[in-house]
Amino acid sequence: ALLAQTNGGATACQLAVAHERSPFFMACYDASGSQAWPNQAVTDAPKFIRTDLAQAALNSSSGMASAIIDGGDNGNGYDFQHISTYLLVVRNPVDRSVTGVLQVGLNVEGEVSALDTLLHLELLVGLLTIGGASWGGYFLAKRSLEPAKLALAEQQRFVADASHELRTPLTLLRADAEVLLRGSEHASPETADWLHDIVSEVTHMERLTDHLLTLARLDTGKLRMERDVVDLAAVAGQVEHRSRALAAERQIALSLEAAQPTLVIGDRALLEELTLILVDNALKYTPDGGSVTLLVTSEGSDALLSVRDTGIGISSEHLSHLGERFYRVDKARSRETGGAGLGLSIAHGIAGQHGGTLTLTSQPGEGTAATLRLAAVGRSATQTPVESRVAPEVTG
């Protein structure tokens, strides 16, 4: 108003700010915004004068400007780092011409400091809350899972104990049935059939019991495992030799392809069991006249043992479930061949115990390939290569 009431606006502004006793920082600028007249308080904040802000107010369509500025150090230990300032273009009420620019500011250092402290407190409280919630969640989850872990341990112990206790009576039962079967030449055909059924079912139960015991030991980590240098080619050769008679009986060509010894660290007996499971599955699901091939190769630093067949194959919806316990693609056929859906579970467990992987690929009607991948420990070029062997095809 003082700026607008006199043509000597600068003088009027000087008088206004000179008599200002409030804690506000004040300054007046001329109509061009290039020259300023501050009040006494501005001497404590020399950087309060900002002609660029005055120019911004003059160029603004609203005639206003605002900012948080650094007032600077007055040299007496007072550092005005945060001054909230507001600028307004003052116009003559008669002709609306620009008379000058009025700037008012207030030190908000205390408010900014309080907000910073509040932010730090909120961050600290947030971190403590997250930490407490995480610890509490872990503690509660651990306590809530204890009964489940205890029940699982009891179940595994029961399966192991039951499987172990069943082995002896089943062995005795099969022995008694076989003795009776050998003397059944004078028995009726119906009695002989019953004895054959008893021997077959007891054999199936013995195999199932052995599988359950092996799985229980794998689950509890109590499966005894040796750590020796094992030649996968020799393992495959032994399994091929043991499976010749079964392959010949089913008129399936069984062959071994192993260019040279391939060494890994592991338990020979367990690796033979894994390979025998894969070969047994391949023979079960390969029709007469088909072929099963054992292939031992190396790939980089890995050793690979593959069992490939020309069998019926497995569709994609079943392939992802192979390895689940008691899962059988063809339950009727599995029952006829003595399968219980545990063989691949054991094979996966043995592969895991050796730090390896077991993968299966298949195409319906074209066959299945199961590949064991283990870390190789090196090969000796001076060792005698393993010869390829093929079980003779049996014609009807």
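Residues numbered from 1 in each chain as written. Predicted model: local features only at pLDDT ≥ 70, side-chain atom pairs only at ≥ 80, totals over all residues. Heavy atoms only, no water.

**Quick look at the overall build of the protein chain**
Consideration 1: Across its full length, the protein chain carries 10 helices and 15 strands.
Consideration 2: When the 396 residues of the protein chain are sorted by exposure, 36% land in the buried category.
Consideration 3: Carbon together with sulfur atoms contributes 56% to the accessible area of the protein chain, which is approximately 22,600 Å² in total. (Helix = DSSP H or I, 4+ residues; strand = E, 2+ residues; numbered from the N terminus. Buried < 20%, exposed > 50% of the residue type's maximum accessible area, 1.4 Å probe, protein only. Areas by Shrake-Rupley, 256 points an atom, 1.4 Å probe, with all protein chains shown as cover.)

**Let's talk about the side chain of His354**
Consideration 1: One can find His354 in the loop between helix 10 (343-353) and strand 13 (357-363).
Consideration 2: Within the local environment of His354, its side chain forms a polar contact with the backbone nitrogen of Asp267, the two atoms lying 3.0 Å apart.
Consideration 3: Excluding residues within four positions of it along the chain, His354 makes contact with Met225, Ile265, Gly266, Asp267, Leu270, Leu271 and Leu374. (Polar contact = N/O pair within 3.5 Å; in protein donor to acceptor, adjacent residues only side chain to side chain. Contact = heavy atoms within 4.5 Å.)

**Observations concerning the sheet that holds strand 6 (residues 83-91)**
Adjacent strands of a sheet form backbone hydrogen bonds with each other and so pair up, either parallel or antiparallel.
Consideration 1: Taken in spatial order, the five strands make up an open sheet running 2-1-7-6-3, and their pairing is antiparallel. For this open sheet the edge positions go to strand 2 (36-38) and strand 3 (64-69), each flanked by a neighbour on one side alone. For this sheet, the mean angle separating the axes of adjacent strands, direction not counted, is 20°.
Consideration 2: Here nine bridges tie strand 6 to strand 7 (residues 98-107), and the two strands are oriented antiparallel to one another. Residue Val90 lies in a different strand from strand 7, and its bridge partner there is Gly100. (Pairing = 2+ DSSP bridges. Axes fitted to C-alpha atoms, helices over the stretch in contact; angles between N-to-C directions.)

**Details of unusual backbone geometry**
Consideration 1: Here the phi dihedral of Arg96 falls at roughly 65°; this positive angle occurs in a residue that is not glycine.
Consideration 2: Structurally, Arg96 can be placed in the loop between strand 6 and strand 7.
Consideration 3: Positioned with a positive phi, Gln251 is a non-glycine residue whose angle comes to about 55°.
Consideration 4: Mapped onto the elements, Gln251 comes out in the loop between helix 6 (232-249) and strand 9 (253-258).

**A look at the environment of Ile69**
Consideration 1: Position of Ile69 among the secondary structure elements: in strand 3.
Consideration 2: A relative accessible area of 3% means that Ile69 is categorised as buried.
Consideration 3: Excluding anything up to four places from it in sequence, Ile69 contacts Lys47, Phe48, Arg50, Leu53, Gln81, His82, Ile83, Thr85 and Gln103.

**Examining the pairing of strand 14 (residues 367-375)**
Consideration 1: In terms of residue burial, strand 14 counts as a mostly covered element, since seven of its nine residues are buried.
Consideration 2: Examined bridge by bridge, strand 12 (residues 302-309) and strand 14 share seven bridges and lie antiparallel to one another. Across the sheet, the residue bridging to Leu304 is Arg373, located in strand 14.
Consideration 3: Connecting the antiparallel pair strand 13 and strand 14 is a turn made up of three residues, with Gly365 showing a positive phi of about 80°.

**Describing the confidence of the model for the protein chain**
Interpretation of the predicted coordinates at a detailed level should be avoided for regions scoring low in pLDDT.
Consideration 1: Per-residue pLDDT for the protein chain averages 77, and the proportion of residues at 70 or more is 76%.
Consideration 2: Across the protein chain, element-level confidence peaks in strand 12 with a mean pLDDT of 92 and bottoms out in strand 15 (residues 389-390) with 42.
Consideration 3: For residues 1-10, every residue scores under 50 in pLDDT, and the model assigns this stretch 15 contacts once sequence neighbours within four places are set aside. (pLDDT = per-residue confidence, 0-100.)

**Examining the environment of Gly355**
Consideration 1: Summarising the element assignment, Gly355 is placed in the loop between helix 10 and strand 13.
Consideration 2: What makes Gly355 exposed here is its relative accessible area of 67%.
Consideration 3: Taking the C-alpha atoms as reference points, Gly355 and Ala375, separated by 20 residues in sequence, lie 7.9 Å from one another.

**Description of helix 6**
Consideration 1: The terminal C-alpha atoms of helix 6 lie 26 Å apart, and with 18 residues this matches the ideal 26 Å at 1.5 Å per residue to within 8%.
Consideration 2: The axis of helix 6 is deflected most strongly, by about 45°, at Ser243.
Consideration 3: When we look at burial in helix 6, the residues that qualify are Leu232, Ala233, Val235, Ala236, Gly237, Val239, Glu240, Ser243 and Ala247.
Consideration 4: Just past helix 6, the residue Gln251 takes up positive phi, approximately 55°. (Expected span 1.5 Å × (residues − 1). Bend = angle between axes of the 7 residues up to and from the residue.)

**Side note on the pattern of salt bridges**
Consideration 1: Applying the stated criterion to the full structure yields seven salt bridges.
Consideration 2: The partner of Arg268 in a salt bridge is Glu272, and the shortest N-O contact between them spans 3.1 Å. Separated by four residues within a single helix, Arg268 and Glu272 lie in helix 7 (residues 268-284), roughly one turn from each other.
Consideration 3: Judged by its relative accessible area of 12%, Glu272 is buried.
Consideration 4: As a salt-bridge pair, Lys284 and Asp280 come within 3.1 Å of each other at their nearest N and O atoms. Here Lys284 and its partner Asp280 are both found in helix 7, four residues apart, which amounts to about one turn of the helix.
Consideration 5: Residues participating in the shared-partner salt-bridge network are Arg242, Arg268 and Glu272. (Salt bridge = Lys/Arg side-chain N within 4 Å of Asp/Glu carboxyl O.)

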